[in-house]
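Residue-level structure breakdown
Here are the chains, one letter per residue:
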Amino acid sequence: MRKSALILAIAPLVFAIASCSGDSGQTANTPGTPGSSPAAPATRNRWDSIKSRGQLSCGVSGEVPGFSFVGTDGKYSGIDVDICRAIAAALFDNPDAVEFRNLNSKERFTALQTGEVDVLSRNTTWTLSRDTSVGLEFAPVVFYDGQAIMVRKNSNIKSLADLKGKAICVQTGTTTEQNLADQMRKRSITYKPVVFEDVNVTFATYAEGRCDGITADRSALVSRGTILPKPEDNVILDEVISSEPLAPAVAKGDARWGDAVKWVVYSLVKAEELGINSQNVGQFAASNDPDIKRFLGTEGNLGEGLGLTNDFAARIIKHVGNYAEVYDRNLGPKTKLNLARGQNQLWSKGGLLYSPPFR
Amino acid sequence: MTNSKPLIWRDVRFWRIVLQLVAVFLAVIVVVILWGNLQRNLQQLGIQFGFDFLKQQASFDIGEALINYKPTDTYSHALWVGLINSLRVAVAGIFLTTIVGVGAGIARLSDNWLVRNITMVYVEIFRNTPLLLQLLFWYFAVFLSFPKTENKISLWGFIGVSQNGLELPWFTLSPEFSALLLGLTFYTGAFIAEIVRGGIQSVPKGQWEAARSLGLKPGLAMRLVIFPQALRVIIPPLTSQYLNLTKNTSLAIAIGYPDIYFVASTTFNQTGKAVEVILLIMLTYLTLSLTISVVMNLFNRSVQIKER
């Protein structure tokens, strides 16, 4: 009776799978009640799963000096990296409790959607469609950028119009690619896009001379320009062809986690506004100013409302510093990039940075 | 015999049907589970599954297009441009690689020591290094190292070679296209060379001797007697190589040639429709592969020995 032995062996398997599918069918239906009501509040909580894991998983580029870059010592640095560290400092009081994941521009959104990374801090432009159809939830802007074009100094190209009929290197999957098409269409300039997936290949192809120009966010051009074979031979055209607000993002559907990331970014700005930095944060603990007391968590329970500790902002400043410190360390005058603060200055000093009240 | 009818579970036909049903059942369950999981995850992210995005404006430019294309066209039109670009490389690649492969395969059996060994070195190098590496080599080390357009190298007066690609009197091939085409041709050609060599060697030695004894010169003996017989052995694995070449065109993304995979990944990046776009890509390559298989199988049937 070998055959009946076979059926005996198969039967439990079939039942197991069948019952399993029943289960999954039920759970699939529970979040949204039948009908057209929107998805119910998500049941999952990312912060809980990060807590149990003991470290934050942060998606970065790893290819753009000043934003996220792996140095010769194997350490990550950059403003995007410091945002990850600030979040880890707020969560664990430890800025090193971060696992960095290098993601290219194509992988980044899927990695976030599928939960491969908890947060994406990877010079990503905040756009309407990404906010809606791609399923991202953006935190506040950490860097206001604009797209520009770099050309060779000896090329006689002085403006966008001179690029008529020329080849321009672009990276795919970026807003850059669309902005370029928009601008050229607007001015009816025909050009030849040479598009690559990999940022290194994009710049290498430009360096080899295949393209007459290369376009990217201004900051990225400055940053990658420093590692071109002959940085001094290239020049960035003055025309800025788009606005690129770069912001960290989390996956939609977990408002609590999104709020935590949002207020970590605000903490950096707020700290600069209040004049609190990594050196003097200890002295401010004794301050009598109620605004500062609430901010540092010596009074009230703002942090608990976020699911964090009340002193989360103090933790961030102690370990990572305020926005000015983060900026100066990665992009400021003492670095190779030497980018002026410009619009990335506090609102009170003529820039765009502003934090809603901590109350 | 009254009980000649066997018990049903002792009937092999019964078990064949049952096992088929079990297999179908399991497959359906797996699909249902995956589908439910997908729906649940997309719902949590607030993303709708659907192909409506294909009608939206693509708003990105494509460097090379054989049909008219503007950034104001739809994503589906952009995907067509990509598909045509893929087919262009695949068709040209299959044509050229057949010439290279058959040539090298025959040359490996040449009596001439130099020819034999040069082809051996070619086959071993190209067969044993990754295609991606070879494509990057062709692109960066070969095409981008050529001089600028102003001082292009002229071959036989009518082919211009420069960083701008191959300039033929009637059209220009971009360096991305040229690098991809040559990379695929020589890589696949190395495998085809081995297939052709195996095919020729499978023809019994007696056939050579018979052809010679009829007074045929070696070249004619190969063409009229040996090669047609070798084809029977060559065609099935050759089909696989054509399929590989077609699928490998997707590596175009590494060197900036806008094939279907490239355009599709830009599309999915901008729309966030990863699942839909991946399904489309799979369907496209499946269709291409099945088409090649069908055509090659028909060809195969025509060269097989017809037993009468």
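As recorded in an unreviewed UniProt entry, chain B goes by ABC transporter permease subunit and comes from Nostoc edaphicum CCNP1411. Database annotation for chain B, UniProt heading Sequence similarities (unreviewed entry): "Belongs to the binding-protein-dependent transport system permease family. HisMQ subfamily." Listed in UniProt under the heading Subcellular location (unreviewed entry), the comment for chain B reads: "Cell membrane".

Chain A goes by Amino acid ABC transporter substrate-binding protein in an unreviewed UniProt entry, where it is assigned to Nostoc edaphicum CCNP1411.

1. Let's talk about the interface of chain A and chain B
Of the residues lining the interface, 51 residues belong to chain A; the matching set on chain B comes to 48 residues. Counting the surface lost from both chain A and chain B, the interface buries some 4,100 Å², and carbon and sulfur atoms represent 60% of this. The tally of links between chain A and chain B comes to 1 salt bridge. In this structure, the salt-bridge partner of Arg210(A) is Glu176(B), at a minimum N-O distance of 2.7 Å. The interface formed by chain A and chain B includes 8 residue pairs in polar contact (both at pLDDT 80 or more). Within the residue set of the side of chain A that touches chain B, elements represented by two or more residues are α1 (2–29), α4 (108–113), α5 (128–132), α6 (175–186), β10 (192–196) and α7 (199–208) of chain A. Here the element with the most residues in the side of chain A that touches chain B is α1(A); it accounts for 12 residues. Residue classes in the side of chain A that touches chain B are distributed as 22 nonpolar, 19 polar and 10 charged.

2. So, the pairing of β10(A)
All names here are of chain A. Most of β10 sits inside the fold, with 4 of its 5 residues counted as buried. Two elements, strand β9 (residues 167–171) and β10, share 5 bridges in a ladder whose sense is parallel. Of the residues in β10, the one forming a bridge with Val-170 is Val-195.

3. A few points about the domain arrangement of chain A
Many descriptions give the size of an interface as the accessible area lost when the pieces come together. Residue and element names in this part refer to chain A. Domain boundaries in chain A define domain 1 (46–143 + 246–349) and domain 2 (147–232). On the side of domain 2, 16 residues touch domain 1, which itself brings 17 residues to the contact. Here domain 1 meets domain 2 over a buried area of about 1,300 Å², counting both sides, of which 54% is carbon and sulfur. When residues of domain 1 are sorted by the area they lose upon contact with domain 2, Glu-63, Ser-105 and Leu-337 head the list and together hold 33% of the total. Our count for the contact surface shared by domain 1 and domain 2 stands at 1 salt bridge. Close ionic contact of Glu-197 with Lys-106 constitutes a salt bridge, the shortest N to O distance being 2.7 Å. Residues that form the side of domain 1 that touches domain 2 fall into these classes: 8 nonpolar, 4 polar and 5 charged.

4. Quick notes on the nonpolar core
Ranked by size, the top nonpolar core spans 127 residues in total, and within it Leu56(A), Ile87(A), Phe143(A), Trp257(A), Ile276(A), Phe295(A) and Leu296(A) carry the most contacts. Of the residues forming this core, the biggest block, 13 residues, is contributed by helix α7 (residues 218–248) of chain B. For Ile87(A), the contacting residues outside a window of four places in its chain are Leu56(A), Val119(A), Trp257(A), Val261(A) and Val264(A). Counting 20 residues, the second largest nonpolar core, distinct from the first, contains Ala78(B), Val263(B), Ile281(B) and Tyr285(B).

5. Focus: the domain arrangement of chain B
Looking at the assigned domains, one finds that chain B contains domain 1 (8–45) and domain 2 (52–303). Taking only C-alpha atoms into account, the centre of domain 1 of chain B sits 39 Å from that of domain 2 of chain B.

6. Digging into the pattern of salt bridges
In this structure the tally under the stated criterion is 28 salt bridges over all chains. For Asp82(A), the salt bridge goes to Arg85(A), with nearest N and O atoms at 3.8 Å. Of the two residues, Asp82(A) and Arg85(A) both sit in helix α3 (residues 79–92), 3 residues apart, roughly one turn of that helix. Arg85(A) carries the same exposure label as Asp82(A), and that label is buried. Here Arg101(A) and Glu116(A) are joined by a salt bridge, their closest N and O atoms 3.0 Å apart. Taken together, the positions of Arg101(A) in strand β5 (residues 98–102) and Glu116(A) in the loop between α4 and β6 (119–120) put the pair 15 residues apart, joining distant regions of the chain. Note on Arg101(A): relative accessible area 27%, which makes it partly exposed. Residue classification places Glu116(A) among the partly exposed positions, given a relative accessible area of 45%. Through salt bridges that share partners, Arg108(B), Glu124(B), Arg127(B), Glu194(B) and Arg197(B) make up one connected network.

7. Some thoughts on the UniProt feature "transmembrane region" (unreviewed entry) in chain B
All names here are of chain B. In this structure's numbering, the residues bearing the UniProt feature "transmembrane region" (unreviewed entry) are residues 14–35, 89–109, 129–146, 177–200, 220–238 and 277–299. As annotated, residues 177–200 comprises 100% helix and 0% strand, and the C-alpha atoms at either end are separated by 33 Å. Between the C-alpha atoms that bound residues 277–299 the distance is 33 Å, and the span itself is 100% helix and 0% strand.

8. As for helix α5 (residues 175–201) of chain B
The end-to-end C-alpha distance of α5(B), which contains 27 residues, comes to 38 Å, matching closely the 39 Å that a straight helix rising 1.5 Å per residue would cover. Most of α5(B) sits out of view: 21 of its 27 residues are buried.

Cut-offs and rules
Along each chain, numbering runs from 1 in the same order as the chain's sequence is written. For naming, the first written chain is A and the first written ligand is 1, with later ones following in the order written. Side-chain atom pairs in this predicted model are given and counted only at pLDDT of 80 or more, local residue features only at pLDDT of at least 70, and totals for whole chains, interfaces and linings cover all residues. Excluded from the side-chain calculations are hydrogens and water; all other atoms, namely the structure's heavy atoms, are used. UniProt positions are given in the numbering used here, feature names are shortened, and annotations may be inferred rather than shown by experiment. Only heavy atoms matter for contacts: two residues are in contact if any of them lie within 4.5 Å across the pair. By buried area we mean the combined loss of accessible area, with a 1.4 Å probe, across both parts when two parts are placed together. Salt-bridge detection follows one rule: a side-chain nitrogen of Lys or Arg within 4 Å of a carboxyl oxygen of Asp or Glu. Any pair of nitrogen or oxygen atoms within 3.5 Å is treated as a polar contact; in protein, a donor-acceptor pairing is required on top of that, and neighbouring residues in sequence qualify only through side-chain atoms on both sides. Each helix is a run of DSSP H or I of at least 4 residues and each strand a run of E of at least 2, with the numbering of both proceeding from the N terminus. Amino acids outside the nonpolar list (Ala, Val, Leu, Ile, Met, Phe, Trp, Tyr, Cys, Pro) and the charged list (Asp, Glu, Lys, Arg) are all regarded as polar, and Gly is one of them. Using a 1.4 Å probe on the protein chains alone, a residue whose accessible area is under 20% of its type maximum counts as buried, one over 50% counts as exposed, and one in between counts as partly exposed. Pairing between strands is defined by DSSP: at least two bridges between the two strands are required. Start and end points for every domain follow an automatic or database-based domain assignment. The set of buried Ala, Val, Leu, Ile, Met, Phe, Trp, Tyr and Cys residues whose side-chain atoms join them within 4.5 Å is what this entry labels a nonpolar core. Multiplying 1.5 Å by the helix residue count minus one yields the expected span of that helix.

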